[in-house]
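# Summary of the model geometry
Each chain, letter by letter, is given below.
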Amino acid sequence: MAETYARIAGPVVRTAEFRQMAAFTQHGDTSTMEHCEAVAYFSLAFARAMRLRLDERSLVRGALLHDYFLYDWHDHAPDRWHGFTHPRRALENASRDFALNGVERDVIAHHMFPFVPAPPRHREGWVVTLADKYCTLREVLMRRPYAPLEGTVM
Ligand SMILES: [Fe+2]
Ligand SMILES: [Fe+2]
């Protein structure tokens, strides 16, 4: 029996560190926290629908922290290259606040592919790059997160 999304995501989502992202706007009316939860949820849903063999725990944890850069890029991004530099910043912050494995680090570092040259090295990273683009498009067009994340069945 596969673990539920809530069971895998819970230990990260419940931390005060993770919840800092609620204060920052990502796209439209979506906070960075909601965006990260949507990407993590959709990544797992997609991986299961495609019956991909991968490490679901690393997939979800990496996705939850992929945008853990901890600032509001609309008004005070540290530099104008936010789109290219934020994965590195997210990785630095996440490495400081959470115990990450190599797959999780890869997910965070390479999630902006193909906008950055280096592709992910693991399958988990590929799924998150896809889920991130899908959720971003949805948030920009529909101005709300991917799915109601409370009371989900997966
Ligand atoms: Fe990102
Ligand atoms: Fe993202």
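Data block above holds the structure.
The notes below deal with the structure included here. All values reported here derive from a predicted model rather than from experimental measurement.

What counts, and where the lines are drawn
Residues numbered from 1 in each chain as written. Chains lettered and ligands numbered in written order. Predicted model: local features only at pLDDT ≥ 70, side-chain atom pairs only at ≥ 80, totals over all residues. Heavy atoms only, no water. Helix = DSSP H or I, 4+ residues; strand = E, 2+ residues; numbered from the N terminus. Rg over C-alpha atoms; globule rule 2.2 N^0.38 Å. Buried < 20%, exposed > 50% of the residue type's maximum accessible area, 1.4 Å probe, protein only. Contact = heavy atoms within 4.5 Å. Areas by Shrake-Rupley, 256 points an atom, 1.4 Å probe, with all protein chains shown as cover. Lys, Arg positive; Asp, Glu negative; His and termini not counted. Charge placed at Lys NZ, Arg CZ, Asp CG, Glu CD. Donors = N, O, S within 2.8 Å, 3.2 Å for Na, K, Ca; no water. Tetrahedral: all angles 85-135°; square planar, octahedral: opposite > 155°, others 65-115°. Expected span 1.5 Å × (residues − 1). Phe/Tyr/Trp six-rings, centres within 6.5 Å; stacked < 30°, edge-to-face > 60°. Axes fitted to C-alpha atoms, helices over the stretch in contact; angles between N-to-C directions. Parallel < 35°, antiparallel > 145°, perpendicular 65-115°, else oblique. Left-handed = near helix turned anticlockwise from the far one by under 90°. Nonpolar A, V, L, I, M, F, W, Y, C, P; charged D, E, K, R; others polar.

## Notes on the overall build of the chain
Secondary structure summary: the chain contains 8 helices and 2 strands in total. The helix and strand sequence of the chain, counted from the amino end, reads α-α-β-β-α-α-α-α-α-α. In terms of overall size, the chain behaves like a compact globule, its C-alpha atoms giving a radius of gyration of 14 Å where 154 residues would be expected to give roughly 15 Å. Expressed as lengths along the three principal axes of its C-alpha atoms, the size of the chain is roughly 45 × 30 × 30 Å. Burial status across the chain gives 49% buried among its 154 residues. Considering only residue pairs separated by 6 or more positions, the chain has 62% of its internal contacts joining residues 24 or more positions apart. Entry remark: accessible area of the chain is about 8200 Å², with carbon and sulfur atoms responsible for 56%. Averaging the coordinates of the 19 positive side-chain charges in the chain and doing the same for the 19 negative ones gives two points 5 Å apart.

## A few points about the coordination of the iron ion (ligand 2)
A four-donor tetrahedral metal ideally has 109.5 degree angles, and a six-donor octahedral metal ideally has angles of 90 or 180 degrees. Coordination sphere of the iron ion (ligand 2), protein contribution only: His35 (NE2), His66 (NE2), Asp67 (OD) and Asp132 (OD), at 2.1 to 2.2 Å. Between the 4 donor atoms coordinating the iron ion (ligand 2), the angles at the centre fall across 84 to 176 degrees, so the site counts as irregular. Mapping the donors of the iron ion (ligand 2) onto the primary sequence gives the spacing H-x30-H-D-x64-D. Separating the iron ion (ligand 2) and the iron ion (ligand 1) is a distance of 3.4 Å, and aspartate 67 donates to both of them. Like histidine 66, the residue aspartate 67 is buried in the burial classification.

## Notes on the coordination of the iron ion (ligand 1)
Protein ligation of the iron ion (ligand 1) involves Asp67 (OD), His86 (NE2) and His111 (NE2), the donor distances falling in the range 2.1 Å. Considered as a linear motif, the donors of the iron ion (ligand 1) on their single chain read D-x18-H-x24-H.

## With respect to helix H6 (residues 82-97)
Think of an α-helix as 3.6 residues a turn; residues three or four steps apart then line up on the same face. In this model H6 runs 21 Å from its N-terminal to its C-terminal C-alpha over 16 residues, within 8% of the 22 Å that 1.5 Å per residue would give. Among the residues making up H6, those that are buried are His82, His86, Pro87, Ala90, Leu91, Asn93 and Ala94.

## Some points on the packing of aromatic side chains
Applying the stated criterion across every chain, the model contains 7 aromatic pairs. When the centroid spacing of 6.3 Å and the interplanar angle of 50 degrees are considered together, the rings of tryptophan 81 and phenylalanine 84 count as tilted. The partly exposed category is assigned to tryptophan 81, whose relative accessible area is 47%. We classify phenylalanine 84 as partly exposed; its relative accessible area is 48%. Of the aromatic side chains, those joined through ring pairs into one cluster are Phe42, Phe46 and Tyr134.

## Points about the packing of helix H3 (residues 32-49) against helix H8 (residues 123-142)
The N-to-C vectors of H3 and H8 enclose an angle of 125 degrees; their axes lie 9 Å apart at closest approach. It follows from the interaxial angle that H3 and H8 lie oblique. Crossing geometry of H3 relative to H8 is assigned as right-handed. Here H3 contributes His35, Ala38, Val39, Phe42, Ser43 and Phe46 to the contact with H8, which in turn contributes Val127, Val128, Leu130, Ala131, Asp132, Tyr134, Cys135, Thr136 and Glu139. Here the residues of the contact of H3 with H8 sort into 10 nonpolar, 3 polar and 2 charged.

## Let's talk about the environment of methionine 21
Examined against the element boundaries, methionine 21 turns out to sit in the loop between helix H2 (16-19) and strand E1 (25-27). Each C-alpha atom, one on methionine 21 and one on histidine 111, is 18 Å from the other, the two residues being 90 residues apart in sequence. Beyond its immediate stretch of four places on either side in the chain, methionine 21 contacts Ser31, Thr32, Met33, Cys36, Leu64, Asp67, Tyr68 and Leu70.

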